[in-house]
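Next come the chains, spelled out residue by residue.
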Amino acid sequence: MSHFTPALFSFLRDLKKHNDRAWFADNKARYVQDVRDPFLQFIGDFAPRLKHISRAYVADKRKTGGSMFRIYRDTRFSPDKSPLKTWIAARFPHEARRKVEGGVPGFFLHIGPGDSFGGGGVYHIELPQLTAIRHRIVDEPKAWKAAVKGIELQGEQLKRAPSGFPATHELIEDLKRQQFYTLAPFAEKDVVSDGFIDQFTASCERAAPLIEFQTKALGLRW
């Protein structure tokens, strides 16, 4: 099953050269045909695969308000006033995302020229949720080690032990993390291949034990 063609990357490269609303309006048909609609179809086809990983995580193929990020940038607080993103992305979050303040885990896909990757974990998360994950690491070290076995754990780290946690703990390097996620890179040839949805699903399956650990640490159903 193939969703994307080289026309996807061609459009995004052209958009990077002509990042203004007038150019985008003139090329809107290309965006819809080569980028938006194939991506929405991908999200819809991924939905049943995601349910096999966890029934609590959501793949929503709506044009607005769903898993796909908006193409328009929020420039209110950014020195970069370019109006459009030169990549596409989708987040597949927990069903309780609107009920839990502070953030929830999620699966993630980012596609851009020379910069495509997928996987999941927690990235933007507030201190209470982060602390809950840290406490579960301390309370259940064997489960944590099993959750991260065989993956490259990524995320920024504090220079010192977080408040309330011993600097001598055997898992202190993990406890210092402010984010917990794992991502697999994809080449452009991967993205336009027939089996890309299988590759992305595999990246989510590898991230699933980590996300399950985080989900349960926050008291949410897996």
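It should be noted that the structure appears before, not after, this text.
Every value quoted in this text rests on a predicted model; they were computed, and no experiment measured them.

If you trace the backbone, Gly103 turns up in the loop between strand S1 (88–93) and strand S2 (106–111). In this structure the C-alpha to C-alpha distance between Gly103 and Trp23, which are 80 residues apart in sequence, comes to 35 Å. Excluding its chain neighbours within four sequence positions, the residues that come into contact with Gly103 are His124, Ile125, Gln129 and Leu218.

Moving on: the nonpolar core. In a soluble, globular protein the nonpolar side chains are often hidden away together inside. Formed by 40 residues in total, the largest nonpolar core has its most connected members in Leu8, Phe39, Phe92, Leu109, Ile111, Phe196 and Phe200. Those elements that provide at least two residues to this core are helix H1 (6–17), helix H2 (21–26), helix H3 (28–53), S1, S2 and helix H8 (196–217). It is H3 that contributes the most residues to this core, 11 residues altogether. Residues contacting Leu8, with those up to four places away along its chain left out, are Asp34, Val35, Ile88, Ile111 and Val191. Counting 22 residues, the second largest nonpolar core, distinct from the first, contains Ile125, Trp144, Leu153 and Ala217.

Turning next to the packing of H1 against H3. Interhelical geometry of H1 versus H3 gives an angle of 135° and a closest axis separation of 8 Å. Compared by their axis directions, H1 and H3 come out oblique. For the pair H1 and H3, the crossing hand works out as left-handed. Residues Ala7, Leu8, Ser10, Phe11 and Asp14 of H1 lie in contact with H3, whose contacting residues are Arg30, Tyr31, Asp34 and Val35.

With antiparallel pairing, 4 strands are arranged side by side in an open sheet as S1-S2-S3-S4. Looking at which strands have only one partner, the edges of the open sheet turn out to be S1 and strand S4 (180–186). Sheet twist, expressed as the average angle between the axes of neighbouring strands with direction ignored, equals 15°. Inspection of the sheet shows S2 paired to strand S3 (residues 116–122) by 5 bridges, in the antiparallel sense. Among the inter-strand pairings, Gly106 is bridged to a residue of S3, identified as Gly121. Strands in contact with H8 are S1, S2, S3 and S4; relative to S3, the strand with the most contacts, it is inclined by about 20°.

Here helix H4 (residues 127–139) is 13 residues long and its end C-alpha atoms lie 18 Å apart, about the 18 Å a rise of 1.5 Å per residue gives. Within the span of H4, buried status applies to Gln129, Leu130, Ile133, Arg134, Arg136 and Ile137. With its buried residues spanning 160° around the axis, H4 presents them on a single face. Opposite the buried face of H4, at more than 90 degrees from it, the exposed residues are Leu127, Pro128 and Asp139.

Turning next to the packing of H3 against H8. Any two packed helices are characterised by the angle at which their axes cross and by the distance between the axes. It is the contact of H3 with H8, at a shortest axis distance of 11 Å, that shows an interaxial angle of 35°. Regarding H3 and H8, the two cross each other, and that crossing is right-handed. Each of Phe42, Asp45, Phe46, Arg49 and Ile53 in H3 lies in contact with H8, whose residues at this interface are Phe196, Ile197, Asp198, Phe200, Thr201, Cys204, Glu205 and Ala208. In terms of residue class, the contact of H3 with H8 is made up of 8 nonpolar, 1 polar and 4 charged.

On inspection of all chains with the given rule, the structure shows 13 salt bridges. In this structure, Asp14 engages Arg30 in a salt bridge whose closest nitrogen and oxygen atoms are separated by 3.1 Å. Of this pair, Asp14 sits in helix H1 while Arg30 sits in helix H3, and the two are 16 residues apart along the sequence. Overall, the relative accessible area of 22% leaves Asp14 in the partly exposed class. Its salt-bridge partner being Glu95, residue Arg221 comes within 2.6 Å of it at the nearest N-O pair. You can see Arg221 sitting in the segment after H8 and its partner Glu95 sitting in the loop between S1 and S2, a full 126 residues away along the chain. Judged by relative accessible area, Arg221 falls into the partly exposed class, the value being 46%.

Reading guide: rules and limits
Residues numbered from 1 in each chain as written. Predicted model: local features only at pLDDT ≥ 70, side-chain atom pairs only at ≥ 80, totals over all residues. Heavy atoms only, no water. Helix = DSSP H or I, 4+ residues; strand = E, 2+ residues; numbered from the N terminus. Contact = heavy atoms within 4.5 Å. Core = buried A, V, L, I, M, F, W, Y, C linked by side-chain atoms within 4.5 Å. Buried < 20%, exposed > 50% of the residue type's maximum accessible area, 1.4 Å probe, protein only. Axes fitted to C-alpha atoms, helices over the stretch in contact; angles between N-to-C directions. Parallel < 35°, antiparallel > 145°, perpendicular 65-115°, else oblique. Left-handed = near helix turned anticlockwise from the far one by under 90°. Pairing = 2+ DSSP bridges. Expected span 1.5 Å × (residues − 1). Arc of directions from axis to C-beta. Nonpolar A, V, L, I, M, F, W, Y, C, P; charged D, E, K, R; others polar. Salt bridge = Lys/Arg side-chain N within 4 Å of Asp/Glu carboxyl O.

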